[in-house]
Amino acid sequence: MNENKLIVRYYADSLGLPRKNEVEINDRYISKLNQFWKNKFKIEFLDRARANSTIGDLLKWFVEDNRYYGSSADIIILHEGVVDCAPRPIPIKIRKIISTLPNFIKKRVISFLHNNRSKMQKIGIKYYLTKPNDFYLRYKEMVSEMVKVSKRVYIINIAPTNEMIEKHSPGFSKSISEYNEIIQKISKEINSNNLFLIDVNSIILQSSYNLSQLVFEHDGHHITPLCHKLVANRIIEIEKNLID
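To keep things clear, this report deals only with the structure shown in the data block. Everything numeric here is computed off the predicted structure, so don't read it as measured data. (Residues numbered from 1 in each chain as written. Predicted model: local features only at pLDDT ≥ 70, side-chain atom pairs only at ≥ 80, totals over all residues. Heavy atoms only, no water.)

### Focus: the sheet that holds strand β4 (residues 150-156)
What counts here: In short, DSSP must find at least two bridges between two strands for them to pair. A run of H or I in DSSP becomes a helix once it reaches four residues, and a run of E becomes a strand once it reaches two; helices and strands are each numbered from the N terminus. Only the contacting stretch of a helix is used when fitting its axis, a line to C-alpha atoms as for every element, and angles between N-to-C directions run 0 to 180 degrees. The contact definition used throughout considers only heavy atoms, calling two residues in contact when any of these lie within 4.5 Å.
In space, the five strands of this open sheet follow the order β2-β1-β3-β4-β5, with parallel pairing throughout. The two strands at the open ends of the sheet, each matched to only one other strand, are β2 (42-49) and β5 (195-198). With direction set aside, neighbouring strand axes in the sheet form an average angle of 15 degrees. Note: strand β3 (residues 73-79) against β4, six bridges, orientation parallel. From the neighbouring strand, Ile75 faces β4, where its bridge partner is Arg152. Lying over the sheet, helix α2 (residues 55-69) contacts β1 (5-12), β2 and β3, oriented at roughly 150 degrees with respect to β1. Contacts between helix α11 (residues 225-243) and the sheet are confined to β3, β4 and β5, with β4 contributing the most and set at about 155 degrees to the helix.

Shown next, in the form of structure tokens:
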């Protein structure tokens, strides 16, 4: 890396974004990391955190960024999975059709789906924005390329959900485990010394804090400022060993 410059690229879904009245901009782990790096380097930071992003979206932006910003970086962080793996009562095509319905009909349909989501998913009516095999292929394609173009790559897996959300969306916990196993498998298959898996799932489950202190109780997947701090501390731990 340039002695005075650090090129950082960040790809994430909404877990990497601030949340009004919950996670301030400086609460984010990426903000804490940038503050740590700024003490040593001039930062060139590309932020690709976007709400509702799938691995397919992030892969597309990554390829595009390589074309316009150059295919090299010092650090790339990928935090993705929950959008892909969350079980949903209807496929995306049907959701788009519902969004075009007259307002009074749309409200009734949405209310029906919300009230019957648990029943539908218990009998096997569930859909994923990215099926497991597609997730494996796209995630591996992206990470395989990332380790070629970056000095260090950090991939962050999926946080656990809580009991309330599991009841509302049966199978969510199982899905999180399945997709985390895919991320773990890819990490082992690529087996690169510049690839670091940040196991936020284990960080949360093995911590001395309650789940509700680390994952917002009302939605069961967005992480709290305290959890952001724990993630930042874990990455800073690794960074200190590599740049000090």
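### Looking at helix α8 (residues 172-190)
In an α-helix, one full turn covers 3.6 residues, which means residues spaced three or four apart are oriented alike. Applied cut-off: Here a helix's expected span is defined as the number of its residues, less one, multiplied by 1.5 Å. Working definition: with a 1.4 Å probe on protein chains only, accessible area under 20% of the residue-type maximum means buried, over 50% means exposed, and in between means partly exposed. The arc under discussion is defined with respect to the helix axis, by the directions toward the C-beta atoms.
Across its 19 residues, α8 extends 27 Å between first and last C-alpha, which sits within 8% of the 27 Å expected from 1.5 Å per residue. Within α8, the full set of buried residues consists of Phe172, Ser175, Ile176, Tyr179, Asn180, Ile182, Ile183, Ile186, Ser187 and Ile190. The arc enclosing the buried residues of α8, seen along the axis, measures out at 150 degrees, which places them on a common side. Opposite its buried face, α8 presents the exposed residues Lys174, Glu181 and Lys188, each directed more than 90 degrees away. A positive phi of about 50 degrees marks Asn191, the residue just after α8.

### Focus on the packing of aromatic side chains
Here is the rule: Two aromatic rings, drawn from Phe, Tyr or Trp (for Trp, its six-membered ring), form a pair once their centres lie within 6.5 Å of each other, and the interplanar angle then sorts them: stacked below 30 degrees, edge-to-face above 60, tilted otherwise. Criterion for a charge above a ring: Arg CZ or Lys NZ at most 6 Å from the ring centre, at most 35 degrees from the ring normal.
This model, assessed by the stated rule, comprises seven aromatic pairs. With centroids separated by 5.7 Å and ring planes inclined at 85 degrees, the aromatic side chains of Tyr11 and Phe62 adopt a geometry described as edge-to-face. Linking Tyr11 in strand β1 with Phe62 in helix α2, this pair joins segments that are 51 residues apart in sequence. Put simply, the rings of Tyr128, Phe135, Tyr139 and Tyr179 pair up and form one aromatic cluster. A cation sits over an aromatic face here: Lys185 above Tyr136, 5.1 Å from the ring centre.

### With respect to the environment of Asp134
Tracing the backbone through its elements, the reader meets Asp134 in helix α6 (residues 132-149). Note on Asp134: relative accessible area 31%, which makes it partly exposed. Distance from Asp134 to Ile55, taken between C-alpha atoms, is 9.2 Å for residues 79 residues apart in sequence.

### Let's talk about empty space enclosed by the protein
Spelled out, the test is: Both site types are read off a 1 Å grid over the protein atoms alone. A 1.4 Å probe that fits but cannot get out defines a cavity, while an open set with protein on both sides within 12 Å along at least five of seven lines defines a pocket; lining residues have an atom within 4 Å of a point. Grid points are joined across faces, edges and corners, and a volume is the space filled by probe spheres set on the points. Residues are grouped as follows: Ala, Val, Leu, Ile, Met, Phe, Trp, Tyr, Cys and Pro are nonpolar; Asp, Glu, Lys and Arg are charged; every other residue, Gly included, is polar.
For the structure shown, the criterion picks out one cavity of 30 Å³ or more. By volume, the largest cavity is sized at about 50 Å³. Contributing to the lining of the largest cavity are Asp13, Leu15, His79, Glu80, Gly81, Val82, Asn157, Ile158, Ala159 and His221. Within the lining of the largest cavity, the residues separate by chemical class into four nonpolar, four polar and two charged.

### With respect to α11
Over its 19 residues, α11 runs 26 Å from end to end, which matches the ideal 27 Å to within 8%, given 1.5 Å per residue. Cys227, His228, Val231, Ala232, Ile235, Ile236, Ile238 and Glu239 are the residues of α11 that are buried. Looking at the buried positions of α11, the neighbouring elements they touch are α1 (29-38), β3, β4, β5, α9 (200-205) and α10 (211-214).

Shape descriptors only; they carry no functional weight alone.
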